[in-house]
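The lines below spell out each chain.
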Amino acid sequence: MSITTRFAPSPNGFLHLGHAAAALAAWRRARQAGGRFLLRIEDIDPTRCREEFTDAILEDLAWLGLDWDGEPRVQSRHLPEYRAALDTLAGRGLLYPCFCTRAAIAREIAAAPAAPHGPDGPLYPGTCRALSAAERAARLAAGAPYALRLDMARAAAEAGTLRWHEEAEGWCAAEPARFGDVVLGRKEVPASYHLCVTHDDAAQGVSLVTRGEDLKPATALHRLLQALFGWPAPRYAHHPLLTGPDGRRLAKRDGAASLRGMREAGMRPEAVRALAGG
Ligand code: GLU
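Every value quoted in this text rests on a predicted model; they were computed, and no experiment measured them. (Residues numbered from 1 in each chain as written. Predicted model: local features only at pLDDT ≥ 70, side-chain atom pairs only at ≥ 80, totals over all residues. Heavy atoms only, no water.)

Caption draft 1: Focus on the overall build of the protein chain. The helix and strand tally for the protein chain stands at 10 helices and 12 strands. In terms of C-alpha radius of gyration, the protein chain reaches 20 Å, essentially the compact-globule figure of 19 Å for 278 residues. When its C-alpha atoms are laid out on the principal axes, the protein chain stretches across 65 × 40 × 35 Å. Going through the 278 residues of the protein chain one by one, you find that 49% of them count as buried. Sequence separation of at least 24 residues holds for 79% of the intrachain contacts in the protein chain that already meet a minimum separation of 6. Accessible surface for the protein chain amounts to roughly 13,500 Å². Of this, 54% is attributable to carbon and sulfur atoms. Each charge class in the protein chain can be summarised by its mean position, and for the 35 positive and 32 negative side chains these summaries are 3 Å apart. (Helix = DSSP H or I, 4+ residues; strand = E, 2+ residues; numbered from the N terminus. Rg over C-alpha atoms; globule rule 2.2 N^0.38 Å. Buried < 20%, exposed > 50% of the residue type's maximum accessible area, 1.4 Å probe, protein only. Contact = heavy atoms within 4.5 Å. Areas by Shrake-Rupley, 256 points an atom, 1.4 Å probe, with all protein chains shown as cover. Lys, Arg positive; Asp, Glu negative; His and termini not counted. Charge placed at Lys NZ, Arg CZ, Asp CG, Glu CD.)

Caption draft 2: View of the sheet that holds strand β2 (residues 36-41). Taken in spatial order, the three strands line up as β1-β2-β3 in an open sheet, and their pairing is parallel. What marks the edges here is a single partner per strand, and that holds for β1 (4-7) and β3 (73-74). For β2 and β3, the ladder comprises two bridges, and the chain directions are parallel. The partner of I41 across the bridge, within β3, is V74. The sheet contacts of helix α1 (residues 17-32) involve β1 and β2, and relative to β1 the element is tilted by about 165°. (Pairing = 2+ DSSP bridges. Axes fitted to C-alpha atoms, helices over the stretch in contact; angles between N-to-C directions.)

Caption draft 3: Structural context of the pairing of strand β8 (residues 162-166). Judged by how many residues are buried, β8 sits mostly within the fold: four of five residues are covered. Judged from the five bridges that link them, β8 and strand β9 (residues 170-174) form a sheet pairing that is antiparallel. Along β9, the bridge assignment pairs W164 with C172.

Caption draft 4: Layout of the site of the ligand. The full set of residues close to the ligand is R6, A8, P9, S10, E42, Y193, V197, R211 and L215. Here a nitrogen atom of the ligand and a backbone polar atom of A8 are 2.7 Å apart. When the ligand sits alone it has 300 Å² of accessible area, and the protein chains cover 78% of it. Among the residues forming the shell around the ligand, the class breakdown is five nonpolar, one polar and three charged. (Near = heavy atom within 4 Å. Polar contact = N/O pair within 3.5 Å; in protein donor to acceptor, adjacent residues only side chain to side chain. Nonpolar A, V, L, I, M, F, W, Y, C, P; charged D, E, K, R; others polar.)

Caption draft 5: Representation of the sheet that holds strand β10 (residues 183-186) within the structure. Here three strands make up an open sheet; going across it, the order is β4-β7-β10 and the pairing antiparallel. Among the strands making up the open sheet, the edge pair consists of β4 (95-98) and β10. For this sheet the average axis-to-axis angle between neighbouring strands, irrespective of direction, equals 30°. Here three bridges tie strand β7 (residues 147-150) to β10, and the two strands are oriented antiparallel to one another.

Caption draft 6: Structural context of the packing of aromatic side chains. All told, the structure shown has three aromatic pairs when counted by the stated rule. With 5.1 Å between their ring centres and 85° between their planes, F14 and F53 make a pair best called edge-to-face. Placement of the pair is F14 in the loop between β1 and α1 and F53 in helix α2 (residues 51-64), with a sequence separation of 39 residues. Residues F99 and Y146 carry aromatic rings whose centres are separated by 6.1 Å and whose planes lie at 65° to one another, so their mutual orientation is edge-to-face. Here Y146 lies in the loop between α5 (133-141) and β7 and F99 lies in the loop between β4 and α4 (102-111), a separation of 47 residues in the sequence. (Phe/Tyr/Trp six-rings, centres within 6.5 Å; stacked < 30°, edge-to-face > 60°.)

Caption draft 7: Inspection of the pattern of salt bridges at higher detail. Considering all chains together, one arrives at 20 salt bridges under this definition. Close ionic contact of R29 with E167 constitutes a salt bridge, the shortest N to O distance being 2.6 Å. On the criterion of sequence distance, the pair formed by R29 in helix α1 and E167 in the loop between β8 and β9 is long-range, its members being 138 residues apart. Look at E167 and you get partly exposed, because its relative accessible area is 37%. Between R31 and D69 there is a salt bridge, with the nearest N and O atoms lying 3.1 Å from each other. One end of the pair, R31, is in helix α1; the other, D69, is in the loop between α2 and β3, and 38 residues separate them in sequence. A relative accessible area of 28% means that D69 is categorised as partly exposed. Salt bridges here are not isolated pairs; linked through shared partners, they connect R6, R40, E42, R73, E81, D200 and D201. (Salt bridge = Lys/Arg side-chain N within 4 Å of Asp/Glu carboxyl O.)

Laid out in structure tokens, this is it:
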């Protein structure tokens, strides 16, 4: 069976060795199987992403010797599709507007005797889920900024029991309820990473998702969205993250050696590929 893999970087900095390893892993899997390797630019957050980094990503990957099939999919050019997906969930009563500021949520959590925690930290206490229809309408009419949250209890009940196939482990139980009422859209960021990534993996026919193990827990949420929309579930292969000399994972914020920097220092692409595991 032919496979389709993808590399889906966010253009909020230059690619580093960890990205090279992730891109190579996806590329190799596709090429070895005679399948497709796709590139997707996850630039949905205009507050963090810059076009110059998108250009740099394409250039750095080509320099490494990677080729991809078709045009890269650039998420910011597909906003109406994500909007439509959110509208579908809203139409089924699975979303609600949340007017809470981050500070208000933090205060409420601090005041709670035992605030439940999920994989991403304390769970949203559900304040705006409990608003009356009239109160909600009044705030929307007043133009108050809001985020769109998933009503997790309803969504999880609709989706039923979920699991995903993890290559090295077999079937894993997906428990999205541990994340609580996640945000799927905002005023300044039209749709969340979780929504866009699952939407696009389905839209692009991705059959094998290879990515860093930091995103493994989020797979439970991705399975939930796939189930709610009736999208096919790809198989998953999460790989360990590359670490720096200090043992911590490489990250853009630490100025981890960028591919660009290595190239400017005179390194050959083959040498960088060897450092990135092939
Ligand atoms: N855009 C995400 C990142 O750069 C990766 C998304 C994914 O592979 O699912 O961290």
